[in-house]
2 protein chains.
Amino acid sequence: MLLKSYKSNAFKEPLVSSGKKSTELIANWQTLQRIFLQPESEASRTALFKYMEQILFGLNDFLNEHVGITEEASLLDLSDRFKNSRISKNPAKKLADVIKVLIEDIAPHAVNVSSPYFIGHMTSAIPFFMVHLQTIVAALNQNLVKLETSKVASVLERQVLAKIHRLIYDYSDAFYDHHIQRPESTLGTFVEDGTLANLTALWVARNSFFKPGNGFAGVEKEGMAAAYKTFGIDRCVILVSQLGHHSLQKSGGVLGIGNGNILSIDVDHTNRMDIKKLLAAIKSIKADPRKTKILAVVGIAGTTETGTVDPLEEIAEICAENRIHFHVDAAWGGPTLLSEKYKSLLSGINLADSVTIDGHKQFYMPMGCGMVYFKDPAIMDNIAYYAAYVNRPGSVDLGIRSIVGSRAAMSLILGSALEIMGSMGYALLIDHGIETARSFADEIKRRPLFELVTAPELNILTYRIFPYDIKKELNSANLKKKKELNNKLSYINITVQRLQREAGKSFVSRTTLNKTANGNKVVLRTVIMNPMTNIDIIREILDEQEKIYYNQFGNSGT
Amino acid sequence: MLLKSYKSNAFKEPLVSSGKKSTELIANWQTLQRIFLQPESEASRTALFKYMEQILFGLNDFLNEHVGITEEASLLDLSDRFKNSRISKNPAKKLADVIKVLIEDIAPHAVNVSSPYFIGHMTSAIPFFMVHLQTIVAALNQNLVKLETSKVASVLERQVLAKIHRLIYDYSDAFYDHHIQRPESTLGTFVEDGTLANLTALWVARNSFFKPGNGFAGVEKEGMAAAYKTFGIDRCVILVSQLGHHSLQKSGGVLGIGNGNILSIDVDHTNRMDIKKLLAAIKSIKADPRKTKILAVVGIAGTTETGTVDPLEEIAEICAENRIHFHVDAAWGGPTLLSEKYKSLLSGINLADSVTIDGHKQFYMPMGCGMVYFKDPAIMDNIAYYAAYVNRPGSVDLGIRSIVGSRAAMSLILGSALEIMGSMGYALLIDHGIETARSFADEIKRRPLFELVTAPELNILTYRIFPYDIKKELNSANLKKKKELNNKLSYINITVQRLQREAGKSFVSRTTLNKTANGNKVVLRTVIMNPMTNIDIIREILDEQEKIYYNQFGNSGT
């Protein structure tokens, strides 16, 4: 057995002898062998095993019991512990000790995002098996940039891409049979996160418009300034709801379009892109003496702040009429398609030219699983790159059409998760989130101290503390007084959110909705994705907010 | 104990009852609870445990015994197995069965990149503890985009960034004490891979030049065409050795510069950027009637194809004189700085304005650990983005200055690895790679069938099969005949590389070096980073190549 033989012989010649008799740890060739292949001793193996068992099956009990986002002061203390900027020459600690410190000392200072009281962000509990799958992916160490470092993982990834593509676009068996394993077809691609997925979609849209032809080598080769010149254009714009994620601005900046040309379209009273405003914007852009190309319109399926879904069908129709690339940012809302009950909330997503979905959000995967899908399996040819040492033309290499090169087989995790959960398993999670958010909204409405600001469409809602006396005063206030009262409201909400966070038991986030003539509206924002978050826990969180409010601001006006 | 209590109660109300008596798997609320929190039964836990033990401590014995990159035909067979594009409604398999299939059926069709016979790419064996660390990172599920989802992990990441920054730039204690935990300072950032690291560096360089001022809002806001207009520039270019990675072209394309404006500077006979050619290029660009801004010069520290290091000190001097951003792509070579013996090979890297290093290359980390570092801790302000719901100004949020948003705590793995290995531990690996590559080169020189094409400077070398009869013929051939013979040589090398790969025991890669007047030169390329790859294994690989050659092409001319 070849494998066995080299393992015993590879290290026969030590490059550095250990020499010293002290207990100081010394890096030498024998130690290195142990580090590479196996624990250094039976005792070390046992210790490691104990910790790994705890991590793999221990219900996260190594985490802080509560949410544990600390106050500023203790953040400073924490910072003081991590101020040594020198890499130690010899090993600083044995492996088992490093793991011990991680579990016993570092992990308790991490944020327990898996707590059902952590309802402030889109990062939450993940099923324990996701950790097992991530472990397998790390052990296999495949690199999806090319077939030669991934083989079956590339083939499997194409299958997973087709499954999600089908979830979105629902084309025929014949379509998928043709494209699923065809090297020239690209149904989508994995990237690190939603930002890079949006960037990829807009990169493709940009290049699809400024195509090579008539002596022009294309924008990818000649650059933006040359493209504008060739096409007789003064600027490009991309239209997106004012609630679009800031990664769209960032993409505009990176791509040389300019983030100032990512134009906000106002939302209506339901926080969805106002179609009249969209039409007016298109009309006014067309009338602009500057020649302006509308590169794309972006619809959001689950805005970061309010979880609302833009009217995708209507946007699609407008894009088709005006021949504009239609991108849907479904980083958050995409997996809602798995729920029979609620998938109609995303009606029209199948009309999009491109769709972003994040696996580490509502597919409940570990971090690092952004995805972008394209209706046309050939459109990614507009961003293809080849190289002699990798990604040669005609190969199955997935790195050819991708903004990133080397990357892990996250698709193997998603593919396995789909088998373990089934669409119905995911649907239970999606339905629970949406329905719990609705109960949450009802609970807010029942409590006089609170105002529901944006009702949940998916599983995100915003609300604020809005005491009765301020409400009353606002009714009869002049503009100056109104501003003053609004500032007071902001201060109250910022304070309560901060104090609750610092108490460390629960966490809701806050944001500023830019909606009123009287100034910005600071709101508390919650995301219900943890299946263990139930209405009892939500009541506890609201109780605590009430308590903090009355402690800090007295009980005037209730 | 709050944590314990919600765990037992959260799922008390099933949303979907299981109903059916059949053995079909059904997604219901109880199943979901088990899936989220713990294995469904003791038997399942035991089965999982067995597999996880094998993954964590089993010396990769679940992998294909050999390298296992298969021939085309079996790739087609493999593709046929992954053609179902439908997500099953109910769970397709139990968790333990999914893991079983992964380990027993999928893993054997993966590429065994950890084999010491796999010396063709920059993906290789990683120490077993890296898998443990990745498991912990997945279990903690921290999101580094913001402090509220990462806390200690953000603080720890800043420390790791400072350690690598110090390895490169070696500034004073005072410098690091000041910047290491200062929210306003950015010493570097983690991204998915070297491509995104290079893209980030050039994005920063672009924005640093086309800064806001005099009524111009900056290139990030106004876009490339407006920037060129404002600065009176016709085009931007970036200069890079002809052996630069194609991610630099891709970055030029993405950023709106145009990949045609990433200009190749020829290398000298040692495969390093030819300084005379660089100076000539700068001179000719300055004389060009088109107003051209040289945005950056990129030096490579470890080219992908030959592992050579550009003359960094000389390039730095030229950049300083001409006030050009100097970027070093040390994705491969960076960790050579950990070797006392060989770090001088990278002399001048401390003069770079920005440096790319990949953790998943010579830091032997799992996939997904690109990094980019900057000399000036304020320069990343040129790409900062803020949002109301996250990354507010003045916060510690690491997502503010980053091309990516949500991402995993890969820094926790690197930080731990530095403690476990010490710089000397890494130095042993680096030294072994370089010295084994040198022995490899000597072995090639000893064998008459082969020609060493590029000698190893770091741990990469290229060579080719160059039979004596062809060598002799070439000496007296006319141009036409020379081309013919070169094509024959290419065909021989392509064939031998392919047949060796398909035999599945060993793997070297191939590339085409564009160096001769007589056409392209196809070479075999090897990367020595696996500490278990020794000269005996290398001899076996060469023996096999000789055998394949003689089988296929006879033994004429030797």
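Caption draft 1: Representation of the relation of the copies chain A and chain B within the structure. After a rotation of 180 degrees and a shift along the axis of 0.0 Å, chain A superposes on chain B with an RMSD of 0.0 Å. Here the copies are linked by what is in effect a two-fold axis. A symmetric contact is evident, with 100% of the interface residues of chain A recurring at the interface of chain B.

Caption draft 2: Spotlight on unusual backbone geometry. Residue and element names in this part refer to chain B. Of note in the backbone geometry, aspartate 170 takes a positive phi value of approximately 50 degrees without being a glycine. Tracing the backbone through its elements, the reader meets aspartate 170 in the loop between helix H7 (152-169) and helix H8 (173-179). When the 11 C-beta atoms within 10 Å are taken as the criterion, aspartate 170 is described as exposed. The residue asparagine 271 is not glycine, and still its phi comes out positive at about 70 degrees. Position of asparagine 271 relative to the elements: it lies in the loop between strand S3 (262-265) and helix H13 (275-287). Judged by the 25 C-beta atoms lying within 10 Å of it, asparagine 271 falls in the buried class.

Caption draft 3: Examining the pairing of strand S1 (residues 188-191) of chain B more closely. Residue and element names in this part refer to chain B. Judged by which residues are buried, S1 turns out to be covered on both faces: Gly188 and Phe190 on one side and Thr189 and Val191 on the other are all buried. Where S1 and strand S7 (residues 370-374) come together, four bridges link them in antiparallel fashion. Following the sheet pairing, valine 191 is matched in S7 by glycine 370.

Caption draft 4: Local environment of the environment of valine 137 of chain A. Residues and elements named next belong to chain A. Structurally, valine 137 can be placed in helix H6 (residues 128-140). According to the C-beta neighbour criterion, valine 137 is buried, with 26 such atoms within 10 Å. Each C-alpha atom, one on valine 137 and one on alanine 153, is 9.8 Å from the other, the two residues being 16 residues apart in sequence. Every residue in contact with valine 137, bar those within four places of it in the chain, is listed here: Ala408, Ala409, Leu412 and Ile413.

Caption draft 5: Main features of the nonpolar core. By size, the foremost hydrophobic cluster in this structure holds 350 residues, and its most contacted members are Met130 and Ile238 of chain A together with Met130 and Ile238 of chain B. Those residues in contact with isoleucine 238 of chain A that lie beyond four places of it in its chain are Leu202, Leu248, Gly252, Ile257, Asn261, Ile262, Leu295, Ala296 and Val298 of chain A.

Caption draft 6: Representation of the sheet that holds strand S6 (residues 354-358) of chain A. Residue and element names in this part refer to chain A. The mixed open sheet is built from seven strands, whose spatial order is S1-S7-S6-S5-S4-S2-S3. This sheet does not close on itself; its edge strands, each paired only once, are strand S1 (188-191) and strand S3 (262-265). The sheet shows a mean angle of 20 degrees between the axes of neighbouring strands, taken without regard to direction. Taken together, the four bridges between strand S2 (residues 235-241) and S3 define a ladder with parallel strand orientation. When the bridges of S3 are listed, isoleucine 238 appears paired with isoleucine 262. Those strands touched by helix H14 (residues 312-322) are strand S4 (292-300) and strand S5 (325-329), and its axis lies near 160 degrees from that of S4.

Caption draft 7: The arrangement of the sheet that holds S7 of chain B in detail. All names here are of chain B. Read from one edge of the open sheet, seven strands run S1-S7-S6-S5-S4-S2-S3, paired in mixed fashion. One side of each edge strand has no neighbouring strand; the edge strands of this open sheet are S1 and S3. Direction aside, neighbouring strands of the sheet carry axes that sit 20 degrees apart on average. As paired strands, strand S6 (residues 354-358) and S7 are joined by five bridges and run antiparallel to one another. The residue of S7 that forms the bridge with threonine 356 is valine 372. On top of the sheet, helix H14 (residues 312-322) reaches strand S4 (292-300) and strand S5 (325-329); it is set at about 160 degrees to S4, its chief contact.

The rules behind the values
- Sequence order as written defines the numbering, with residues in each chain counted from 1.
- The lettering of chains begins at A and the numbering of ligands begins at 1, in the order of writing.
- pLDDT decides what is reported in this predicted model: residues at 70 or higher carry local features, side-chain atom pairs at 80 or more are listed and counted, and totals for whole chains, interfaces and linings draw on all residues regardless.
- To superpose the copies, least squares is applied to the C-alpha atoms of every residue with a pLDDT of at least 70 in both.
- By definition, residues are in contact whenever their C-beta atoms, placed on the basis of the backbone, come within 7 Å of each other.
- Helix and strand definitions follow DSSP, with helices as H or I runs of at least four residues and strands as E runs of at least two, each counted in order from the N terminus.
- We call a residue exposed when 12 or fewer other C-beta atoms sit within 10 Å of its C-beta, buried when the count reaches 20 or more, and partly exposed for counts in between; the C-beta positions come from the backbone.
- Between any two strands, at least two bridges found by DSSP are needed for them to pair.
- A set of buried Ala, Val, Leu, Ile, Met, Phe, Trp, Tyr and Cys residues, joined through C-beta atoms within 7 Å, is what we mean by a nonpolar core.
- Axis angles are defined between N-to-C directions and span 0 to 180 degrees, where every axis is a line fitted to C-alpha atoms and, for a helix, only to the segment in contact.

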